[in-house]
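Commentary on secondary and tertiary structure
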Amino acid sequence: MRFDRTAPSGGLEIYSTVRNGKAALEYKVFLQQTGSEEYLEKPDGASLVCPRGGYLDIRMWDRDGQLVFCCCHPLCEEEAAKGLLLHPRLWQGVEEPYLYRIRVSLMEREDVCMDVLEDTFALRTFRHIPEKGWFLNDQPFQIRAVEYELPKEASVIRGDLELVRNMGANTLCLIDGKFDREFCRLCDEAGLLLWWRDRETAADIPRFYGTADSLLTLQGRTLSDRYYFYRAYWSREPFVYISITSLSFQKNGNAQVTVYSNQKKIALYVNGVLFEFRMGGPDFLFEEIPVKSLPLLLTAEAGSCSMSVTAYPFTKYS
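Fair warning: this is a prediction, and the values are worked out from it, not measured in the lab.

Here we look at the environment of Arg181
Within the fold, Arg181 resides in helix α2 (residues 181-190). Using a relative accessible area of 23% as the deciding quantity, one classes Arg181 as partly exposed. Taking C-alpha positions, Arg181 is 6.7 Å from Gly10, a pair spaced 171 residues apart along the chain. Other than its neighbours up to four places away in sequence, Arg181 contacts Asp119, Thr120 and Asp188.

Rendered as structure tokens:
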């Protein structure tokens, strides 16, 4: 006997209810037969393998490695295993993606383990209240979503989620709606919610990759200006970015360039000399930049953040 890892949940489902500083937990496992084993007939007609004396050893640890829950649940017990945590730590999205670690051992007897499942678990509530909006753990939640398609190269997913998180997004909308438990785990670790919307109602959500106006370019999967535009709107981590693709000549021979930042005041230096301050944002347009010689050295500064570019001869006009 072993856990049925082909089940949608990977063999283990955990249900939680958080109320009044307590978290009530319920554990449901899915098992499959591996040989000639004894069965127990369940009331719904399904059969469950039930070795004599078999039980589930369930343990949960907090993020610091402290054991917070332990249970030995007989396999022949009809009711699901239950638990209770006092003063639980809640998963708070990108601000605090707190995860518990869980291990469920399938025991034939005390000294014989047939299978083991290990996973992480997020304690949270997420719901929509009509005319009020979305709430995470009973606190207002502003959805900042990015449309995402699972790539063929699974190795890039973790890096993709980090880029989504860094731009200030907090939610992923999968294009085809298909995902597995491992992808859910990576999203939990990054603090990103998974949210399903059909293509028609997702028209206002930026796409991460795959189109000409995605957040990553089709050439080399580099960050596009649109990525920095949304980052300037959504993120709290101070940054400044000079859009080299926006640099162009004006008709009078001077230049203009766009700078993105989530800071309210930007200074632009030309060849090391202060040229101009701009207020507002998140996109700051600097015009009438004198071009006395090329290459043109530009530096944008916002608080403690700065970025410099060196522009060689260009012929783009605006």
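Additional details are given in the paragraphs that follow.
Remarks on the nonpolar core
Burial of nonpolar side chains together is a common tendency in soluble globular proteins. Core analysis: the biggest nonpolar cluster contains 26 residues, and Val146, Leu161, Met167, Leu172, Phe183 and Leu192 have the highest contact counts within it. Put simply, the parts of the chain that give this core at least two residues each are β15 (145-148), α1 (157-166), β16 (171-174), α2 and α3 (225-234). The greatest single-element share of this core, amounting to 5 residues, is contributed by α3. The contacts of Leu172, once residues within four sequence positions are left out, are Val146, Tyr148, Leu161, Val164, Phe183, Cys187, Leu192, Leu193, Leu194 and Trp195. Counting 24 residues, the second-largest nonpolar core is a separate cluster that includes Tyr27, Leu31, Leu85 and Val104.

A look at the side chain of His73
Tracing the backbone through its elements, the reader meets His73 in strand β8 (residues 67-74). Of the residues examined, His73 reaches a relative accessible area of 11% and is grouped as buried. Those residues in contact with His73 that sit more than four places away from it in its chain are Tyr55, Leu56, Glu79, Ala80 and Ala81.

A word on the packing of aromatic side chains
In this description, an aromatic ring pair is defined by two values, namely the gap between the centres and the angle between the planes. Counted according to the given criterion, the structure contains 15 aromatic pairs. Between Trp134 and Trp195, the aromatic rings sit 5.9 Å apart at their centres with planes inclined by 80°, giving edge-to-face as the arrangement. A residue pair is termed long-range when its members are at least 10 positions apart, and Trp134 in strand β13 (residues 133-136) and Trp195 in the loop between β17 (193-194) and α3 qualify at 61 residues. Following the ring pairs from residue to residue traces out a cluster consisting of Tyr227, Tyr228, Phe229, Tyr230, Tyr233, Trp234, Phe239, Tyr241 and Tyr260. Here Arg124 stacks its cationic end above the ring of Trp91, 4.4 Å away from the centre of that ring. Lying over the aromatic face of Phe239, Arg231 brings its terminal NZ or CZ to 4.2 Å of the ring centre.

Section: α1
Given 3.6 residues per turn, any residue in an α-helix points the same way as the ones three and four places further on. Buried residues of α1: Ile157, Asp160, Leu161 and Val164, and no others. The arc that holds every buried residue of α1, seen down its axis, measures 95°, which confines them to one face. Its buried side turned inward, α1 meets β15, β16 and α2. Note on α1: the residue one or two positions beyond its end, Gly168, has a positive phi of about 95°.

Procedures and definitions
- Residues numbered from 1 in each chain as written.
- Predicted model: local features only at pLDDT ≥ 70, side-chain atom pairs only at ≥ 80, totals over all residues.
- Heavy atoms only, no water.
- Helix = DSSP H or I, 4+ residues; strand = E, 2+ residues; numbered from the N terminus.
- Buried < 20%, exposed > 50% of the residue type's maximum accessible area, 1.4 Å probe, protein only.
- Contact = heavy atoms within 4.5 Å.
- Core = buried A, V, L, I, M, F, W, Y, C linked by side-chain atoms within 4.5 Å.
- Phe/Tyr/Trp six-rings, centres within 6.5 Å; stacked < 30°, edge-to-face > 60°.
- Lys NZ or Arg CZ within 6 Å of the ring centre and 35° of its normal.
- Arc of directions from axis to C-beta.

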